[in-house]
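This is what each chain is made of:
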Number of protein chains: 2
Amino acid sequence: MEEVKLHGTWYSPYSWRVMWALRLKGIPYEFIEEDLSNKSDLLLELNPVHKKIPVLLHGGKSICESTVIMEYIEETWPCKPLLPCDSYERAVARFWLNFADVKLSIMWKMSKVGGDELQQVIKESLEILQTLEEHALREKKYFGGDKIDMVDLSFGGIAHVLEAIEYKIGTKLVEGHKFPRLLAWIHNFKSVPILSENLPNLKPPFKNPTPN
Amino acid sequence: MEEVKLHGTWYSPYSWRVMWALRLKGIPYEFIEEDLSNKSDLLLELNPVHKKIPVLLHGGKSICESTVIMEYIEETWPCKPLLPCDSYERAVARFWLNFADVKLSIMWKMSKVGGDELQQVIKESLEILQTLEEHALREKKYFGGDKIDMVDLSFGGIAHVLEAIEYKIGTKLVEGHKFPRLLAWIHNFKSVPILSENLPNLKPPFKNPTPN
């Protein structure tokens, strides 16, 4: 098999998406930790447009943007599929992948801003979580049903980071009576051992950097 | 064949993407014009999360978000493919689809803002166009080579709207000595008859609404 390398950072939910997809499919890979405060020449060469992690290197070719990488992984190693077989169901999954790509960056801002801006970002974040609760999760174990899929990986950062953000901003966002489905999903997602291995300790009080 | 309906507006490049994909594949469809200043109950029901056009209805099921819809069309009607066969090349195409989704909304702001904000948006728009010139287009007729593909459709709004925006803001953005590849691509894209039929008249001076 051609060599697989993942350039990322240990604290980025976007790196985790790729790492989780590779783990679920049982693809061996080498993880290369990037220092985002001092980006390597190699990273700039591999992703000259966005200059960001994660980047997947497969057989010497680079693939950038976590959702694009997950789609590539799905097509290259179709065993243990991470998208539904049916094209309509796949479109529904891609709708939520797109939603995650557009909206999660708003939520991550909560750990970076303060004052009025923080209040605005909290408001938007609650709307995002409410949309997931009402329209995406329904009465299922995972986003797509009984099996983890790419949409779960896409939102997986919420499961592992939200508690730390709530601790940092001093506000509980996901309360049981308002978000029963989301809380159940967070529990289900965190219960999959292969998805929790080697993640940073984000149990409050924490001292890890916030996601990037 | 199951009925295909496209809810959109005649002046939206996001509607055009879907319309172009259907036309290139020869799929008959009914176009339903939506009034965005007074959204129909049906639109709100079909796209309850974003409440936006375009929405494709196929056999009674709704698919939202133009890029998700193009992927659905590609999978449902694989004839005359709009994505490359090779998975790495498909990842490269999806990288640019993602780039278009993130960046084009910045460019469309040029027709909606003024003053310092306009200057900032012009600066960002020129960076976006420079990235396409340097990294995406190379010496090819279209983004993917000699054949129109989904990436061309994704950026097609530029070909048909930019001139009108330049006229409105009184600034020429794409000049030949700086953007030879982009200008050649705009010419090539606009030369495909099936992609220019029934588009609004955006030749300056124009009175059409700006894209939404």
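Residues numbered from 1 in each chain as written. Chains lettered and ligands numbered in written order. Predicted model: local features only at pLDDT ≥ 70, side-chain atom pairs only at ≥ 80, totals over all residues. Heavy atoms only, no water.

In the annotation of an unreviewed UniProt entry, chain A is listed under the name Glutathione S-transferase and assigned to Erythroxylum novogranatense. Its UniProt record gives chain A a comment under Sequence similarities (unreviewed entry), which states: "Belongs to the GST superfamily." Turning to chain A, the UniProt record has this under Subcellular location (unreviewed entry): "Cytoplasm, Cytosol". (UniProt positions renumbered as here; feature names shortened; annotations may be inferred.)

**Quick look at the pattern of salt bridges**
Residues and elements named next belong to chain B. Summed over all chains, the structure comprises 21 salt bridges over all chains. Here E139 and R181 are joined by a salt bridge, their closest N and O atoms 3.0 Å apart. Placement of E139 in the loop between α5 (115-137) and α6 (150-169) and of R181 in helix α7 (residues 180-190) is noted, with a sequence separation of 42 residues between them. Under the relative-accessibility criterion, E139 is labelled exposed at 68%. (Salt bridge = Lys/Arg side-chain N within 4 Å of Asp/Glu carboxyl O. Helix = DSSP H or I, 4+ residues; strand = E, 2+ residues; numbered from the N terminus. Buried < 20%, exposed > 50% of the residue type's maximum accessible area, 1.4 Å probe, protein only.)

**Details of the pairing of strand β1 (residues 4-8) of chain B**
All names here are of chain B. Within β1, four of the five residues are buried, which leaves it mostly tucked inside the rest of the structure. Pairing geometry for β1 and strand β3 (residues 55-58), over four bridges, is antiparallel. The residue bridging H7 from the neighbouring strand is V55, located in β3. Pairing between β1 and strand β2 (residues 30-33): four bridges, direction parallel. When the bridges of β2 are listed, L6 appears paired with F31. Of the crossover connections in this fold, the one passing from β1 over helix α1 (residues 13-25) to the parallel β2 is right-handed. (Pairing = 2+ DSSP bridges. Right-handed = clockwise from strand over helix to strand, strands pointing away.)

**A word on the packing of helix α6 (residues 150-169) of chain A against helix α7 (residues 180-190) of chain A**
All names here are of chain A. Put simply, α6 and α7 touch, their axes get as near as 10 Å, and they point 100 degrees apart. One way to sum up the angle between α6 and α7 is to call them roughly perpendicular. Taking contact as the criterion, the partners of D152, L153, F155, G156, I158, A159, H160 and E163 in α6 are, on α7, W185, I186, F189 and K190. Across the contact of α6 with α7, the residue classes tally to seven nonpolar, two polar and three charged. (Axes fitted to C-alpha atoms, helices over the stretch in contact; angles between N-to-C directions. Parallel < 35°, antiparallel > 145°, perpendicular 65-115°, else oblique. Contact = heavy atoms within 4.5 Å. Nonpolar A, V, L, I, M, F, W, Y, C, P; charged D, E, K, R; others polar.)

**Concerning the interface of chain A and chain B**
At the interface, 27 residues of chain A touch 27 residues of chain B. Buried area between chain A and chain B, both sides added, is near 2300 Å², and the carbon and sulfur share of it is 65%. Remark: the boundary between chain A and chain B carries six salt bridges. With its nearest N and O atoms 3.1 Å apart, the salt bridge here joins E75 of chain A to R94 of chain B. Between the two partners, chain A and chain B, sit six residue pairs in polar contact (both at pLDDT 80 or more). For the side of chain A that touches chain B, the elements supplying multiple residues, two or more each, are β4 (61-64), α3 (66-76), α4 (87-108) and α5 (115-137) of chain A. In terms of residue count, the dominant contributor to the side of chain A that touches chain B is α4 of chain A (eleven residues). Its residues assigned to classes, the side of chain A that touches chain B shows eleven nonpolar, eight polar and eight charged. (Buried area = accessible area lost by both parts, 1.4 Å probe. Polar contact = N/O pair within 3.5 Å; in protein donor to acceptor, adjacent residues only side chain to side chain.)

**Observations regarding the packing of α1 of chain B against α6 of chain B**
Residues and elements named next belong to chain B. Packing of α1 against α6 brings their axes to within 8 Å, and their N-to-C directions diverge by 115 degrees. When the axes of α1 and α6 are compared, the crossing they make is right-handed. Contact with α1, carried on its side by P13, W16, R17, W20, A21 and L24, involves L153, S154, G156, G157, H160 and V161 of α6 and no other residues of that element. By residue class, the composition of the contact of α1 with α6 is seven nonpolar, four polar and one charged. (Left-handed = near helix turned anticlockwise from the far one by under 90°.)

**Notes on the relation of the copies chain A and chain B**
Between the two chain copies there is a screw-like relation: a rotation about an axis and a shift along it. The operation relating chain A to chain B is a screw motion whose rotation component is 180 degrees, with 0.0 Å of axial translation and a residual RMSD of 0.0 Å. Within this description, the copies of the chain are treated as partners about a two-fold rotation axis. Residue V102 of chain A of chain A places its C-alpha closer to the rotation axis than any other residue of that unit, at 4.1 Å. Comparing interface residues between copies, 100% of those in chain A also lie at the interface in chain B; the contact surface is shared. (Least-squares fit on C-alpha atoms with pLDDT ≥ 70 in both.)

**Focus on the UniProt feature "domain: GST N-terminal" (unreviewed entry) in chain A**
In this structure's numbering, the residues bearing the UniProt feature "domain: GST N-terminal" (unreviewed entry) are residues 2-81 of chain A. The distance separating the terminal C-alpha atoms of residues 2-81 of chain A is 20 Å; by composition the span is 38% helix and 21% strand.

**Things to note about the sheet that holds strand β2 (residues 30-33) of chain A**
Residue and element names in this part refer to chain A. Read across the open sheet, the four strands follow the order β2-β1-β3-β4; overall the sheet is mixed. A single partner strand is all that each edge strand has here, and the edge strands are β2 and β4. Neighbour-to-neighbour, the strand axes of the sheet open up by a mean angle of 25 degrees, direction not taken into account. As judged from the four bridges shared by strand β3 (residues 55-58) and β4, these two strands associate in the antiparallel manner. The residue bridging L57 from the neighbouring strand is S62, located in β4.

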